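Chain by chain, the residues:
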Amino acid sequence: MSNRRTAPFTTDDGSEFAIERRAHPWRWVTAIVAILVVIWVASIILFNERIHWDAVGQYLFDGRILRGIGVTIWISITATALGLVLGVVIAVMKLSHNPVLKWIAEAYIWFFRGTPVLVQLIFWFNLAFLLPYITIQIPWTLIGYRWDTNDVISGATAAVLGLGLNLAAYFAETVRAGILAVDKGQTEAALVGGMTRGQAMRLVVLPQALRIVIPPTANEFISMLKTTSLIIVVAGNDLMSEASKIYKQNNMIIELLIVASLWYMLMTAIATYLQSRLERRFGKDRVRIARGNGTQGRLIDLVTGPIKMPARNAK
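Cut-offs applied
- Residues numbered from 1 in each chain as written.
- Predicted model: local features only at pLDDT ≥ 70, side-chain atom pairs only at ≥ 80, totals over all residues.
- Heavy atoms only, no water.
- Helix = DSSP H or I, 4+ residues; strand = E, 2+ residues; numbered from the N terminus.
- Buried < 20%, exposed > 50% of the residue type's maximum accessible area, 1.4 Å probe, protein only.
- Contact = heavy atoms within 4.5 Å.
- Areas by Shrake-Rupley, 256 points an atom, 1.4 Å probe, with all protein chains shown as cover.
- Patch = residues over 30% accessible without salt bridge, like charges linked within 9 Å, V, L, I, M, F, W, Y side chains within 5 Å.
- Salt bridge = Lys/Arg side-chain N within 4 Å of Asp/Glu carboxyl O.
- Core = buried A, V, L, I, M, F, W, Y, C linked by side-chain atoms within 4.5 Å.
- Expected span 1.5 Å × (residues − 1).
- Bend = angle between axes of the 7 residues up to and from the residue.
- Polar contact = N/O pair within 3.5 Å; in protein donor to acceptor, adjacent residues only side chain to side chain.
- Axes fitted to C-alpha atoms, helices over the stretch in contact; angles between N-to-C directions.
- Parallel < 35°, antiparallel > 145°, perpendicular 65-115°, else oblique.
- Left-handed = near helix turned anticlockwise from the far one by under 90°.
- Nonpolar A, V, L, I, M, F, W, Y, C, P; charged D, E, K, R; others polar.

A.B. asks: Would you mind going over the overall build of the protein chain with me for this structure?
C.D. replies: Of regular secondary structure, the protein chain possesses twelve helices and four strands. Counting every position in the protein chain, which comprises 315 residues, the buried fraction comes to 32%. Considering only contacts within the protein chain whose residues lie at least 6 apart along the sequence, 66% involve residues at least 24 apart. As displayed, the protein chain offers around 20,700 Å² of accessible surface, 64% of which is attributable to carbon and sulfur atoms.

Right, dumping it as structure tokens:
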């Protein structure tokens with residue numbers, strides 16, 4: 001028996017014996033094919049004389065590109081925060097016993113998930129066609145203020161509204177799943193303790209549901225980083241928009257696309273690392289329910305944290 005295909009194994013009693021390993025020839029075939037594909041792609045991109053790599057290096061740290069990166073990060077964070085907050089509200093409405101609130105939540109989710117996000121961006125950017133002025137006024141008086149819609153709804157504002165409202169529809173389903181994952185005994189214990197359903201949802205269920213929802217939120221943020229490239233249609237100042245402005249002037253389309261792609265990959269890599277840290281953090285810090293007698297023991301644990309129930313005196 002060849003040593004290359006065997007591995008020592010020690011049992012509990014200290015005896016050793018060899019385990020024969022199976023041969024995997026297709027792994028080598030797959031690896032060779034993958035290497036050949038990488039070499040072929042690299043030869044097309046890295047050694048293509050039509051790509052000016054000196055221009056890539058020149059624009060990689062260009063001031064306009066760096067400003068676009070800042071705008072991209074700001075829009076991604078703002079739109080994700082807006083989507084998460086609104087998504088929580090819509091999820092609670094959909095789980096409400098009030099049929100009107102439930103219908104409104106379902107209609108919102110249906111509309112924003114049913115229309116393309118690109119259409120929503122264009123709609124918000126061209127809102128002035130429908131509403132030339134945005135007016136806040138006390139009814140039946142002349143007291144109020146009016147803004148020009150084009151001044152209020154800039155490219156960045158339209159991007160935050162379009163991306164945030166669209167993301168809220170998807171967050172609503174994620175938050176709803178998180179709420180349903182919380183044991184119903186938590187709500188019952190809160191109601192027995194004198195809370196209303198609203199208080200039980202706000203103080204008991206949502207804090208536990210968000211522990212489940214927050215880690216997947218990082219996936220939506222990573223997706224949002226790349227979705228911001230659609231802002232190019234509303235004359236935004238994000239990374240992709242700034243890259244397009246430059247290549248429209250010098251006609252170096254591929255070079256500027258490579259620059260934008262490199263920055264998108266870097267931002268995605270950083271966000272992925274932070275996501276892994278977030279998942280480890282919330283994976284260890286779960287709310288544990290102490291074992292008690294009936295709902296009273298669960299309610300005490302919910303309010304004061306994990307406790308050790310006193311043992312009964314032996315008779």
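A.B. asks: Even after reading the chapter, I still don't get a nonpolar patch on the surface, so can you show me in this structure?
C.D. replies: On the surface, a cluster of nonpolar side chains totalling about 1,100 Å² of accessible area is made up of W26, V29, V33, V37, W40, V41, I44, I45, L46, F47 and W53. As for its placement among the helices and strands, L46 is situated in the loop between α1 (25-45) and α2 (53-60).

A.B. asks: Could you clarify how one ought to interpret the nonpolar core in this entry?
C.D. replies: Note that soluble globular proteins tend to have their nonpolar side chains buried in a common cluster. By size, the foremost hydrophobic cluster in this structure holds 22 residues, and its most contacted members are I65, L239, L256, V259 and W263. Elements supplying a minimum of two residues to this core: α2, α3 (63-94), α9 (197-227), α10 (239-250) and α11 (253-284). Beyond its immediate sequence surroundings of up to four residues, V259 is in contact with V56, Y59, L60 and I65.

A.B. asks: How should I be thinking about helix α7 (residues 155-181) in this particular structure?
C.D. replies: Count 3.6 residues to each turn of an α-helix, and residues three or four apart come out pointing the same way. Under the 1.5 Å per step criterion, the end-to-end length of α7 is 39 Å for 27 residues, consistent within 8% with the ideal 39 Å. Roughly 30° is the biggest bend found in α7, and it falls at A169.

A.B. asks: Mind showing me how you'd approach the side chain of Q120 here?
C.D. replies: Within the secondary structure layout, Q120 lies in helix α5 (residues 117-125). By relative accessible area, which is 5% here, Q120 ends up buried. A polar atom in the side chain of Q120 sits 3.2 Å from the backbone oxygen of F112. Sequence-distant contacts of Q120, that is, excluding residues within four places in its chain, are made with F112, T115, G162 and N166.

A.B. asks: Where do I start with α9 in this structure?
C.D. replies: Across its 31 residues, α9 extends only 37 Å between first and last C-alpha, which sits more than 12% below the 45 Å expected from 1.5 Å per residue. When the local axis directions of α9 are compared, the greatest deviation, roughly 45°, occurs at V205, which is followed within four positions by the proline P207.

A.B. asks: For this particular structure, what's the right way to read the environment of V182?
C.D. replies: Note that V182 resides in the loop between α7 and α8 (184-192). Taking the C-alpha atoms as reference points, V182 and V204, separated by 22 residues in sequence, lie 9.6 Å from one another. Beyond its immediate chain neighbours, meaning those up to four positions away, V182 contacts V205, Q208 and A209.

A.B. asks: I'm lost on the packing of α3 against α7 in this one. Help?
C.D. replies: Pairs of packed helices are described in terms of their axes, by the angle between the two and the distance that separates them. Two elements in contact, α3 and α7, have axes separated by 5 Å at closest approach and are oriented at 45°. With respect to α7, the axis of α3 lies oblique. In this structure, α3 crosses over α7, and the sense of that crossing is right-handed. Split by residue class, the contact of α3 with α7 holds 21 nonpolar, five polar and three charged.

Keep in mind these numbers describe shape, not what the thing actually does.
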